Amino acid sequence: MKVAAVAIVALAILIAIIPIFSDCESQGRTLTLENGRQVSMKCHWTARAELALGVPLLAVGGLLAFSRRKETRRNLGIMGAVLGAVVILMPTALIGVCVNPDMPCVGIMKPALILLGVLMVAINLAVVVRSLGQEDEAA
Amino acid sequence: MHVIRLAIRNAAGNSFRSWMVFFCAALMAGFVISATLVIRGADDSLRLALERLGADIIVIPEGHERRLESALLMGIPVHCWMPDIIVDEVAALPGVVAVSPQIYLSTLRGAICCSLPELFLIAYDPATDFTIRPWLELNLDAGLALGETVGGSFVYVPAGEDKLLVYGYELDLKANLEPTGTGLDQSLFFTLETAYDIARLSDEYAVKVMDIPPRTVSSVLVKVGRDADVHQVAQLIEAEIPGVTPLETNKLFKDQREQILSLLHSVVALLVITWLLAMALIAVVFSLAVNERRRQMGVMRALGARRGTVLQSVLIEAWLLALSGGLAGIGVSTLAISLFQRAIIAVMNVPFLFPPPLRLAGLSFGALAMALSGVTLAVLVPAVRISLQDPAMSMRE
């Protein structure tokens, strides 16, 4: 379970950090309105949302490392899997990324988040399955 | 059945060691499948691009060879012009059985008149064409009419619109070509008549005029007779017609082929090193494991288990870990390669085509088999050693 907890913490950090450096705004690209004002593209808001998702996922990993009761592990696993699914949904359905396939958010940020989200869901589901057949650890 | 249960219990008993073997197997299988997918994908992509070209020789104005390759491979538009009289001059040469002119254009980058970012546009002559027409005949009942186009696999009509806008001209996207992983996937094909119509109306509808110099073409596609030698015909074109370069299509993309070859050499070297290290690590881990389990094995033998059963229990434990690790490595690597296709193309500067599901399944099976055999080889020595040990000695130690 310790290995899973470490993996969740590592993935949570990557989920929070990668979008900050791979959204279009980080590469100096913004939308310029007719009045000359520059506004962020939607991939920037996806990056912000992923940063917000990284924090509870980090907490899930941390708590899992110290949890001894199998019910706690199971619940943490379910929560991690749901949050992992939201990590995938942010760039694909909920907010999205830029339309132009040449943009860095399409080439790097979106695939990275889908991959990390899939891994997060898989590890958390494994935690849930494992916790079903486990005994509570002694304090 | 008991042996399998024993192997599972042994694997679960020391999770650190099991994770080590799992990660080694994942690394071995993941590395093999990634390397195969990237190299085969690049190679397939080049081959498909050459097949799509369908000509034996492409005649272009002198000095545009590299830019044409970039256009065909990476979709970076090229603009080159030569007098259209060259079409007749090439057709008149011995060994040439068909010629067809093409005009290369591009959409405006980021202009409001165009619904797509900078795209490579290829205008062909339907009367003489022998490269696009075979595909069109298979997929569309009639050829392309005025204002109609077919696009590469990446070309789509933007949401909320029913036509593609090019220089303010509305094009009807009739179909998409099969993906090749090259610049052809982001190209638009239409007739010369449509190209001239776009150019004529661009003065009125576009922020910038589409300029097609009169009585010019960008390239001439040449088909050589069965009895003629392509290289000799190319040499003849070079000698007879000044100011042009004949590109033999089977020699196109030389730089990319060399790049794939050097990549293959580096990958094989890395693969060998990784495999040796992973196998050594697995061998050490299993040597430690069987040493710790000498008593257990001794008791098993004393209770009547045969040498083969002991050997089986160690090998099954290794296979279970290798199978799960290998499947995880293949799954993660395949997902990563499929998601990062565009980044791979951009970083490596070679085209890339993801294989169809059946071939992917075959490659995955091969990678898994290689990981299983690697792990078996690494585990064989400690497994045989423990199975040959005398039970009384094992229990006493």
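Owing to the predicted nature of the structure, the values given are computational and were not obtained by experimental measurement.

A.B. asks: Account for the pairing of strand 7 (residues 169-176) of chain B, naming residues and giving values.
C.D. replies: All names here are of chain B. Bridge analysis of strand 5 (residues 148-151) against strand 7 gives four bridges, and the strand direction is parallel. From the neighbouring strand, G151 faces strand 7, where its bridge partner is N176. As judged from the three bridges shared by strand 6 (residues 164-166) and strand 7, these two strands associate in the antiparallel manner. Looking across to strand 7, one finds that L164 is bridged to L171.

A.B. asks: Kindly report on the domain arrangement of chain B, identifying the contributing residues and their values.
C.D. replies: All names here are of chain B. What the domain assignment reports for chain B is domain 1 (2-47 + 256-396) and domain 2 (63-242). Just the C-alpha atoms count here: the centres of domain 1 and domain 2 sit 49 Å apart. The partner domain 2 presents nine residues to the nine residues of domain 1 that form the contact. Each partner contributes to the roughly 680 Å² buried at the junction of domain 1 and domain 2, and carbon and sulfur atoms together form 60% of this total.

A.B. asks: Give a description of helix 6 (residues 192-205) of chain B that names residues and reports values.
C.D. replies: Helix length check: helix 6 of chain B, at 14 residues, gives a terminal C-alpha distance of 19 Å against a target of 20 Å (1.5 Å per residue), a fit within 8%. All of the buried residues along helix 6 of chain B are L192, T194, A195, D197, I198, A199, L201 and S202 of chain B.

A.B. asks: An account of the side chain of S333 of chain B is needed here, citing residue identities and associated values.
C.D. replies: Residue and element names in this part refer to chain B. Structurally, S333 can be placed in helix 10 (residues 307-339). Looking at S333, its side chain comes within polar contact range of the main-chain oxygen of G329, at 2.7 Å. Sequence-distant contacts of S333, that is, excluding residues within four places in its chain, are made with G30, I33 and S34.

A.B. asks: Which residues make up the interface of chain B and chain A, and what values go with them?
C.D. replies: On the side of chain A, 13 residues touch chain B, which itself brings eleven residues to the contact. Both sides together, the interface formed by chain B and chain A hides about 1,100 Å², and carbon and sulfur atoms give 73% of it. Summed over the three residues of chain B that lose the most area to chain A, namely L339, F340 and R342 of chain B, the buried surface amounts to 42% of that side. Counting across the chain B and chain A interface gives zero salt bridges. Put simply, chain B and chain A have zero residue pairs in polar contact (both at pLDDT 80 or more) between them.

A.B. asks: Just give me the short version of helix 3 (residues 70-94) of chain A, but keep the residues and values in it.
C.D. replies: Residues and elements named next belong to chain A. Maximum bend of helix 3: about 40°, positioned at I88, with proline P91 one to four residues after it. Listed as buried for helix 3 are R73, L76, G77, G80, A81, L83, G84, V87, I88, M90 and P91. Against the buried residues of helix 3 lie helix 1 (2-22), helix 2 (42-66) and helix 4 (104-132). Just downstream of helix 3 lies G96, where phi reads positive at about 95°.

A.B. asks: Tell me about the sheet that holds strand 4 (residues 120-124) of chain B, and please be specific about residues and values.
C.D. replies: All names here are of chain B. Ordered by their spatial adjacency, nine strands build an open sheet running 6-7-5-8-4-3-10-1-11, and the pairing between neighbours is mixed. One side of each edge strand has no neighbouring strand; the edge strands of this open sheet are strand 6 and strand 11 (244-248). Here the average twist between neighbouring strands, direction ignored, is 35°. One ladder, built from five bridges, connects strand 1 (residues 57-61) with strand 11; its direction is antiparallel. Note on strand 11: the bridge partner recorded for V59 is P246. Along the sheet, helix 3 (residues 65-74) makes contact with strand 1, strand 3 (96-106), strand 4 and strand 11, crossing strand 1 at roughly 120°. Together, strand 3, strand 4, strand 5, strand 6, strand 7 and strand 8 (187-191) form the strand contacts of helix 6, whose direction differs from that of strand 8 by roughly 100°.

A.B. asks: So what about the packing of aromatic side chains? Which residues, and what values?
C.D. replies: A ring pair, where both rings are aromatic, is described by two values, the distance of the centres and the angle of the planes. All names here are of chain B. In the structure shown here, the tally under the stated rule is four aromatic pairs over all chains. When the centroid spacing of 5.6 Å and the interplanar angle of 25° are considered together, the rings of W19 and F23 count as stacked. Pair noted here: W19 and F23 are both in helix 2 (residues 15-53), with a separation of four residues, about one helical turn. By relative accessible area, W19 is classed as partly exposed at 32%. Relative accessible area serves as the criterion here: at 47%, F23 is assigned to the partly exposed category. Clustering of aromatic rings is evident, with ring pairs tying together W19, F22 and F23.

Cut-offs applied
- Once a new chain begins, its residue numbering starts again from 1 and follows that chain's sequence as written.
- Chain letters and ligand numbers both follow the written order, the letters beginning at A and the numbers at 1.
- Per-residue local features are limited, in this predicted model, to residues with pLDDT of at least 70; the limit for side-chain atom pairs, both in listing and counting, is 80 or more; totals at the level of whole chains, interfaces and linings are taken over all residues.
- Side-chain descriptors were evaluated using all non-hydrogen atoms of the structure, hydrogens and water having been removed beforehand.
- For two strands to be treated as a pair, DSSP must find no fewer than two bridges joining them.
- Going along the chain from the N terminus, every DSSP run of H or I of four or more residues is numbered as a helix, and every run of E of two or more is numbered as a strand.
- Each domain span listed reflects an automatic or database assignment of domains.
- In this description, contact between two residues means that some pair of their heavy atoms is separated by no more than 4.5 Å.
- In this description, buried area is defined as the sum, over both parts, of the accessible area (probe of 1.4 Å) that is lost when the two are combined.
- To estimate how far a helix should extend, the number of its residues minus one is multiplied by 1.5 Å.
- The rule is simple: take the accessible area with a 1.4 Å probe, protein chains only, and divide by the maximum for that residue type; under 20% is buried, over 50% is exposed, in between is partly exposed.
- We define a polar contact as two N or O atoms separated by no more than 3.5 Å, with the added condition that, inside protein, one atom must be a possible hydrogen donor and the other a possible acceptor, whereas residues neighbouring each other in sequence contribute only through side-chain atom pairs.
- One speaks of a salt bridge when a side-chain nitrogen belonging to Lys or Arg is within 4 Å of a carboxyl oxygen belonging to Asp or Glu.
- The reported bend at a residue is simply the angle between two axes, fitted to the 7 residues ending at it and to the 7 residues beginning with it.
- Here, axes are lines fitted to C-alpha atoms. For helices the fit covers the stretch in contact, and angles between N-to-C directions go from 0 to 180 degrees.
- Each Phe, Tyr or Trp ring, with Trp reduced to its six-membered ring, pairs with another whose centre is within 6.5 Å; inter-plane angles below 30 degrees give stacked pairs, above 60 give edge-to-face pairs, and intermediate values give tilted ones.

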